Amino acid sequence: MPTLKFAVLAGDYIGPEVMAEALRVLGHVARQEGFALDYTEAAVGGAAIDRHGAALPESTLQTCAAADAILFGSVGGPKWEKLPPNQQPERAALLPLRKHFTLFANIRPGLLYRELADASPLKSERIPDGIDIVCIRELTGGLYFGQPKATTTLPDGDIQAVDTMVYRRSEIERITATAITAARARRKRLCSVDKANVLETSVLWRKTVTEYVAKHAPDVTLSHMYVDNAAMQLARDPNQFDVFVTENMFGDILSDEMAVICGSLGMLSSASLGAKQNSLGLPFGLYEPAGGTAPDIAGKSIANPCAQILSAALMLRYSFGLEKPAARIEAAVRAAVTSGTRTGDIAFGRPSVGTQAMADAVIARL
Ligand code: NAD
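What counts, and where the lines are drawn
- Residues numbered from 1 in each chain as written.
- Predicted model: local features only at pLDDT ≥ 70, side-chain atom pairs only at ≥ 80, totals over all residues.
- Heavy atoms only, no water.
- Domains from an automatic or database assignment.
- Contact = heavy atoms within 4.5 Å.
- Buried area = accessible area lost by both parts, 1.4 Å probe.
- Salt bridge = Lys/Arg side-chain N within 4 Å of Asp/Glu carboxyl O.
- Core = buried A, V, L, I, M, F, W, Y, C linked by side-chain atoms within 4.5 Å.
- Buried < 20%, exposed > 50% of the residue type's maximum accessible area, 1.4 Å probe, protein only.
- Helix = DSSP H or I, 4+ residues; strand = E, 2+ residues; numbered from the N terminus.
- Near = heavy atom within 4 Å.
- Areas by Shrake-Rupley, 256 points an atom, 1.4 Å probe, with all protein chains shown as cover.
- Axes fitted to C-alpha atoms, helices over the stretch in contact; angles between N-to-C directions.
- Parallel < 35°, antiparallel > 145°, perpendicular 65-115°, else oblique.
- Left-handed = near helix turned anticlockwise from the far one by under 90°.
- Nonpolar A, V, L, I, M, F, W, Y, C, P; charged D, E, K, R; others polar.
- Pairing = 2+ DSSP bridges.
- Arc of directions from axis to C-beta.
- Phe/Tyr/Trp six-rings, centres within 6.5 Å; stacked < 30°, edge-to-face > 60°.

The subject of this paragraph is the domain arrangement of the chain. Splitting the chain by domain gives domain 1 (1-120 + 264-366) and domain 2 (123-261). If you average the C-alpha positions of domain 1 and of domain 2, the two centres end up 24 Å apart. The interface of domain 1 with domain 2 comprises 21 residues on the first partner and 24 residues on the second. The contact between domain 1 and domain 2 buries some 2,000 Å² in all, and 59% of this surface belongs to carbon and sulfur atoms. Looking at the side of domain 1 facing domain 2, the largest losses of area belong to Phe-104, Asn-106 and Arg-108, adding up to 32% of the total buried there. In this assembly, domain 1 and domain 2 are joined by 2 salt bridges. With its nearest N and O atoms 3.5 Å apart, the salt bridge here joins Asp-256 to Arg-108.

Next up on the list: the nonpolar core. Counting 85 residues, the largest nonpolar core has Phe-6, Phe-244, Ile-329 and Val-333 as the members making the most contacts within it. For this core, the element with the most residues is helix α9 (residues 306-318), which contributes 8 residues. The residues that make up this core include at least three from each of domain 1 (1-120 + 264-366) and domain 2 (123-261). Beyond its immediate chain neighbours, meaning those up to four positions away, Phe-6 contacts Leu-23, Leu-26, Leu-37, Asp-38, Tyr-39, Thr-40, Ala-67, Ala-69, Leu-71, Met-315 and Phe-320.

A word on the site of the ligand. Taken together, the neighbourhood of the ligand is formed by 20 residues, with Val-75, Gly-77, Glu-90, Gly-292 and Ala-294 sitting nearest. When isolated, the ligand has an accessible area of 810 Å², and the protein chains bury 68% of it.

It is the contact of helix α1 (residues 14-33) with helix α10 (residues 323-338), at a shortest axis distance of 11 Å, that shows an interaxial angle of 130°. With respect to each other, α1 and α10 are oriented oblique. Crossing angle aside, the handedness with which α1 passes α10 is right-handed. Each of Val-25, Leu-26, Val-29, Gln-32 and Glu-33 in α1 lies in contact with α10, whose residues at this interface are Lys-324, Pro-325, Arg-328 and Ile-329. Considering only residue class, the contact of α1 with α10 consists of 5 nonpolar, 1 polar and 3 charged.

In this section: the pairing of strand β5 (residues 131-138). Of all 8 residues making up β5, 7 are buried, and the element is well covered by its neighbours. Two elements, strand β4 (residues 103-112) and β5, share 8 bridges in a ladder whose sense is antiparallel. Bridge pairing in β5 links Ile-107 to Ile-136. In this sheet, strand β10 (residues 243-246) lies alongside β5 in parallel orientation, the contact comprising 4 bridges. Residue pairing for β10: Arg-137 is matched across the bridge by Thr-246.

Within helix α3 (residues 58-65), burial applies to Thr-60, Leu-61, Thr-63 and Cys-64. The buried residues of α3 occupy one face: seen down the axis, they fall within an arc of 160°. When the buried face of α3 is taken as reference, the exposed residues oriented beyond 90 degrees from it are Glu-58 and Gln-62. Looking at the buried positions of α3, the neighbouring elements they touch are β1 (3-11), β2 (36-41), β3 (69-74), α4 (89-100) and β12 (283-289).

Here strand β6 (residues 150-153) runs beside strand β7 (residues 159-162); their pairing, made up of 4 bridges, is antiparallel. Pairing of Thr-151 across the sheet is with Ala-161, part of β7. The turn joining β6 and β7, which pair antiparallel and follow one another in sequence, is formed by 5 residues; a positive phi near 90° is taken by Gly-157.

Interhelical geometry of helix α7 (residues 227-236) versus helix α8 (residues 248-261) gives an angle of 10° and a closest axis separation of 10 Å. Of the possible angle classes, the one that applies to α7 and α8 is roughly parallel. For the pair α7 and α8, contact is made by Val-227, Ala-230, Ala-231, Leu-234 and Ala-235 and by Phe-250, Leu-254, Glu-257, Met-258 and Ile-261, respectively.

It is worth spelling out the packing of aromatic side chains at this point. Any two aromatic rings considered together are summarised by their centre-to-centre distance and by the angle between their planes. Scanning the model with the defined rule gives 6 aromatic pairs in all. With centroids separated by 4.6 Å and ring planes inclined at 25°, the aromatic side chains of Phe-101 and Phe-284 adopt a geometry described as stacked. In this pair, Phe-101 sits in the loop between α4 and β4 while Phe-284 sits in strand β12, placing the two residues 183 residues apart along the sequence. A relative accessible area of 4% means that Phe-101 is categorised as buried. Residue class for Phe-284 comes out buried when judged on its relative accessible area of 0%.

Printed below as a string of structure tokens:
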């Protein structure tokens, strides 16, 4: 019986609430499909600060390094907001995890079921069939990591801050390869988003993506779009995209715009894949909901567990190569939600259920 070895980092506020349900769904599928779960829970974020004095303790890092994937909840919240910025749970846990495991490719499905069209701020006639697109964001390069990065006082007494946007061709090639794989699993249409009319990094980005797709994926239809136009097009007609790929900061902003047009954060999953292969020869990855710790609803057992459950499905697909169970979980979530079982964030005035009952409904449809 195959055994899936992964680290579970639930984090703060609603993190542990939704993680418990995702593990329950995974356990159910594992029994049905004949695989075993071997997971180790470790502290991260504010919970780790309270227990170990650091948002990403060495013991947690070691647990992750010994695993084939990380199932992550979310970290941070008001309790730790007064800490210095570089000790904040998100910055001190997530960014080092991405860096340590070279998690360079963030895959975010932008999925809104037709039945949930009310959740989108877009007029429903613009999205009669809901939304189904994918954002691929480069995650370890660009402005967030480039050096120099500093604030200095100039000789004339003025203060200057510098961030550096830097990309190597090899970094652009590997994210393009991920985007090609995603596009091939869908409608084979890839849009590369950049700012090549202004930025040197974008000129290299566009040239590299064009050459790489021409050489390695002539079956994929490639287009290019400037990031300012992409922001408008996402709000105007999101389904014109199939898969879009972009650099770190553009992807940070566009993926959040995509999340808002797709309605509740409680439904959106994400995968961050690494350059490193796991013990199965598949990408090591970190899988997490798109939203945060939702302190406003934590402790009430009303958070939507679907994003965490769908993140677990992505883990099965990418890090364990288990496409069938992954697709079964996705279909079960869809069936549960579209047949009317809804948590408060997607209920729109209808009766709503709690976190556990939502997961029960998913399990019932497996
Ligand atoms: P948030 O995503 O936590 O919440 C925004 C809104 O969405 C809230 O109204 C919340 O109730 C709702 N929401 C989010 N997830 C939900 C779910 N599963 N079910 C139902 N409703 C849900 O964003 P925020 O309030 O800006 O941030 C709260 C904390 O989370 C902050 O400390 C922030 O730094 C942290 N955060 C962490 C991550 C991460 O760990 N990756 C990501 C984003 C924010």
